[in-house]
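# Residue-level structure breakdown
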Amino acid sequence: MNHVGKKMAELSMTVREFYEKYKKIILAAGVILCILLPFFIQSGYMNGIFCRILFYGTMAGALNVINGYSGQMCLGVAGFFAIGSYTEAILSTRFGLSMWACILLSGVISMLFGVILALPAKRLSGIYLSIITLGFSEVIRVVCLNWTGLTGGTSGIKDIPAPTLFGFVFSRPRHYFYIFLVLGILFLICTKRVVNSRIGRAWMSVREDELAARSLGVESGIYKITAFMYGTFWIGVIGAVYAPYVSFIDSTLFSLDTGWNVLAMLIIGGQGTLAGPMVGSVVINALTEVLRSFGDWRMVIYALLILVVMWVRPQGIAGASNSVLAGVKRKKESGEKTGEEAEQ
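Basis of the calculations
- Residues numbered from 1 in each chain as written.
- Predicted model: local features only at pLDDT ≥ 70, side-chain atom pairs only at ≥ 80, totals over all residues.
- Heavy atoms only, no water.
- Patch = residues over 30% accessible without salt bridge, like charges linked within 9 Å, V, L, I, M, F, W, Y side chains within 5 Å.
- Areas by Shrake-Rupley, 256 points an atom, 1.4 Å probe, with all protein chains shown as cover.
- Salt bridge = Lys/Arg side-chain N within 4 Å of Asp/Glu carboxyl O.
- Helix = DSSP H or I, 4+ residues; strand = E, 2+ residues; numbered from the N terminus.
- Buried < 20%, exposed > 50% of the residue type's maximum accessible area, 1.4 Å probe, protein only.
- Axes fitted to C-alpha atoms, helices over the stretch in contact; angles between N-to-C directions.
- Parallel < 35°, antiparallel > 145°, perpendicular 65-115°, else oblique.
- Left-handed = near helix turned anticlockwise from the far one by under 90°.
- Contact = heavy atoms within 4.5 Å.
- Nonpolar A, V, L, I, M, F, W, Y, C, P; charged D, E, K, R; others polar.
- Phe/Tyr/Trp six-rings, centres within 6.5 Å; stacked < 30°, edge-to-face > 60°.

### Thoughts on a nonpolar patch on the surface
Side chains of Val31, Ile32, Ile35, Leu36, Phe39, Phe40, Ile185 and Ile189 sit close together on the surface and give an oily, nonpolar patch of about 760 Å² of accessible area. With six residues, the single largest contributor to the nonpolar patch is helix α2 (residues 23-40). Along the chain, Ile185 turns up in helix α8 (residues 173-195). Owing to a relative accessible area of 31%, Ile185 belongs among the partly exposed residues under this scheme.

### What about the packing of helix α9 (residues 198-208) against helix α11 (residues 220-246)?
One can describe the packing of α9 onto α11 by two numbers: an axis separation of 10 Å at closest approach and a directional angle of 115 degrees. In terms of their interaxial angle, α9 and α11 are classed as roughly perpendicular. The two elements α9 and α11 cross, and the hand of that crossing is left-handed. Only Ser220, Tyr223, Lys224, Thr226, Ala227 and Tyr230 of α11 make contact with α9, whose side of the interface consists of Arg198, Ile199, Ala202, Trp203 and Val206. When grouped by side-chain class, the residues that make up the contact of α9 with α11 number seven nonpolar, two polar and two charged.

### Re the packing of aromatic side chains
By the definition in use, this model includes 20 aromatic pairs. Relative to Tyr230, the ring of Trp203 has its centre 6.2 Å away and its plane inclined at 55 degrees; by these criteria the two rings are tilted. Note that Trp203 is positioned in helix α9 and Tyr230 in helix α11, a separation of 27 residues in sequence. Just as Trp203 is buried, Tyr230 falls in that class too.

Put into structure tokens, the structure is as follows:
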């Protein structure tokens, strides 16, 4: 396993060096390829897979802000996803608002619930915080299941209107592909700027050592809340587009399995990286299609894949070999070498 890990680390360094050298060309080529992809692949099924990759990747990226950059442990993705979706579905079917107006409202309402959850939980961390967020997600699902007057209960909300723009109706998966693509790119641009700002540096300082960060004047509680606000806002935004995309929602779409899938994408792709969540989304969605014939056994394969990744590359597929997550192993190896050199 150590040999495999070293080989993967060397390959990762080579790929990273190549990417840094031709970064602008690769990004431009990637965007052009994504724009042209639906024109070359006309299959609605395949375009649906591409849509899943994009909206799951963006959700995993939003979770990455909370778990990867600020070092918290949120397992309540499905709850905030449900809030965003139901907000859009209710406003569009009952009040006639367009999806474009609902996107911001869904994000804000999801963010407000994130603040409500983060305020009492800001003093918690690790398993305690994860249990609270997990319970929150299940409470939201149960409310959506039983509040028949608002959410339709077991019948859900049907006939969610498709968005229109200058008379053009977004009615096919390839149309929504471009919406998810624009949101994904916008999320990456905004997140990169935030992470490189004072707020992002404060998040990472809290992640590495909260006590040391507080001794330097960083208000850890406030920055934990801002991480929840930012991440849950984007999860709500994706939920707002997801509702008209599927045109029908009910509580079964927001089970704990959804949260585990997003978490698996983040772990496999690499926490604390911008590219990691999208890489994880590609891997998980590709495996879902390849292993579809295995039924529920594919969840076992997901678990084994996570175990292998955590053993071989704890920093994830897209994680840097010199990242903090990989640092424990590297320091141990360097310490052993130093000891050997001292004996010599």
